[in-house]
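Residue-level listing of the chains:
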Amino acid sequence: MMLCSNLRPSLPHLFSMRLLGTAATRTAAVKQPELLPASLTFEDPSAFRVKSLGELLRALGVFRLCSFPVLVNNCGKMMTGARILLGRRGFSLLLRPTVYAQFVAGENEKEISQSMGKMSLLGLRPMLAVPIEEDLGESTGEKRYDDNMEAMLECVRMSHSNAWSKDPMMQLKITALLSPELCVKLTTLLACQPFDLSHLVRALDGTMITFPGLEEKEAVHFLCGLRRLNKIAEASVNKVRVLVDAEYTYMNPALTLITMALMKKFNKDGAWIWNTYQCYLKESRSLLLEALHLSQTEGFCLGVKLVRGAYMDKERKLAEKEGRVDPIHPSWEETNKSYNGCLDVMLEAISQKPDRYRIIVATHNEESVRRAAERMEELGIDKDGGSVCFGQLLGMCDHVSLTLAKEGYPVYKSVPYGSVDDTLPYLVRRAQENRTVLQGIRKERDLLRQELRYRMRLRGQKLT
Ligand SMILES: Cc1cc2nc3c(=O)[nH]c(=O)nc-3n(C[C@H](O)[C@H](O)[C@H](O)COP(=O)(O)OP(=O)(O)OC[C@H]3O[C@@H](n4cnc5c(N)ncnc54)[C@H](O)[C@@H]3O)c2cc1C
């Protein structure tokens, strides 16, 4: 293995980048004159005017259920029980018109196209997500990873070859193509000696290379995984932007290393491969600064998905169990500060080189969305210049997505698809990860109710 400093930026540079970020934060703290349209208060129920009566009622019903913590916390067990009790068909009949219709685009291309076509009419863009992921102890064989690759290649094809495909994105979980155990081992090895990116790029190209520290079987699996990823990237470049998800801290360094190698190979002239940064991590800012530095030294365009992070409870439990320092910020407020800081760093970089950097502000948090829009205005970043966009999950916070789209910002909805059985584990994990958001969607429910009352009044007037 070659040792290198590629993934370890020099301190003076990091320091100057940190100063850049700090300065940006300070500028933002000075209250600017009112620059934003009033609609970005997200108080306008007419954002829901585009929804049918059935959709309004379904959203209200599903969100009402999600407001009970006991239901969200135990939804996995309850769904498994219901499936046994009702049988596959009965369970599907119950779920399809309700939870499934709210959060999943459909099962086959026809259904997905119908949902996406509708979304596209509302000005929302697609970010398809194949609902496959693995954690430790769930590893499957090489054949299964090859099947997952085929499913992702199909996702690439579907994403760009339909009338609703406008600058499409898709999400990708590396652990669907490479065993989580190997990602953990690579992470451990990386802590002692970083891999050379050029070395990995050669492996992506199909060159047989050795990775000291890995047993022969692991090295072979790693090469197979890299080739699977290479195939997906080759199919998507110039067509679909591939956003690699961040997962747990015990494997993220390996995921980032692989993603950086993909960026080095495929992002020479544009950001086609993106990485995700979780701002609940204490180290998120320095990780982002490292990525910015690396993109400069290695000469690739950087695409960033900025999230708060989905695995807080498990990360904390694990750190406590292993006697490690908690990697997560101590409070939601600290995570918010971290999110704002990272957002500032990226927007500052974009304002200087909009063709080299891109960001998706992936959050349901209205304050973060407003802040991003405000900073864009202050820094003179075009709404529709393509370097900044917003992202929310399908079926969640539509009042934010629809309002942003109405104001001319590019907005993506992360859209899972597949059969009820295939999407169920994904839905359960998402519900649990997003339970704070799900339980806090009171405002969306209020706006839905206001829109419902408006329609009833209108109907009453027509009848009289
Ligand atoms: C398009 C899209 C893609 C995503 N991709 C990923 C991904 O690749 N990887 C990933 O991990 N997540 C991903 N997420 C999920 C995301 O990380 C959040 O879990 C989710 O969006 C909720 O955060 P929020 O900013 O929307 O809402 P908010 O309600 O503003 O924030 C909730 C989040 O704040 C943080 N938080 C809450 N309480 C505390 C506390 N006490 N201390 C510290 N922090 C706290 C947690 O991260 C929690 O999820 C994605 C989300 C979207 C919309």
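Residues numbered from 1 in each chain as written. Predicted model: local features only at pLDDT ≥ 70, side-chain atom pairs only at ≥ 80, totals over all residues.

Looking at an unreviewed UniProt entry, one finds the chain named Proline dehydrogenase and attributed to Cyprinodon variegatus. Of the chain, the UniProt comment under Sequence similarities (unreviewed entry) reads exactly: "Belongs to the proline oxidase family." (UniProt positions renumbered as here; feature names shortened; annotations may be inferred.)

A.B. asks: Give me the lowdown on the sheet that holds strand β7 (residues 388-393), citing residues and values where you can.
C.D. replies: Strand order in the closed barrel formed by eight strands is β1-β2-β3-β4-β5-β6-β7-β8, with parallel pairing between adjacent strands. This sheet shows a mean twist of 30° between the axes of neighbouring strands, independent of strand direction. Bridging between strand β4 (residues 273-278) and strand β5 (residues 302-307) involves five bridges; their strand directions are parallel. Paired with Tyr277 across the strands is Leu306, a residue of β5. (Pairing = 2+ DSSP bridges. Helix = DSSP H or I, 4+ residues; strand = E, 2+ residues; numbered from the N terminus. Axes fitted to C-alpha atoms, helices over the stretch in contact; angles between N-to-C directions.)

A.B. asks: Residue-level account of unusual backbone geometry, with values.
C.D. replies: Phi is positive for Asp167, which is not a glycine, with a value near 40°. Mapped onto the fold, Asp167 is located in the loop between α6 (142-160) and β2 (169-172). By the C-beta count within 10 Å, which is 14 here, Asp167 ends up partly exposed. A positive phi angle, close to 50°, is found at Cys397, a residue other than glycine. Relative to the elements of secondary structure, Cys397 occurs in the loop between β7 and α15 (398-406). The exposure class of Cys397 is buried, given the 21 C-beta atoms found within 10 Å. (Buried ≥ 20, exposed ≤ 12 C-beta atoms within 10 Å, placed from the backbone.)

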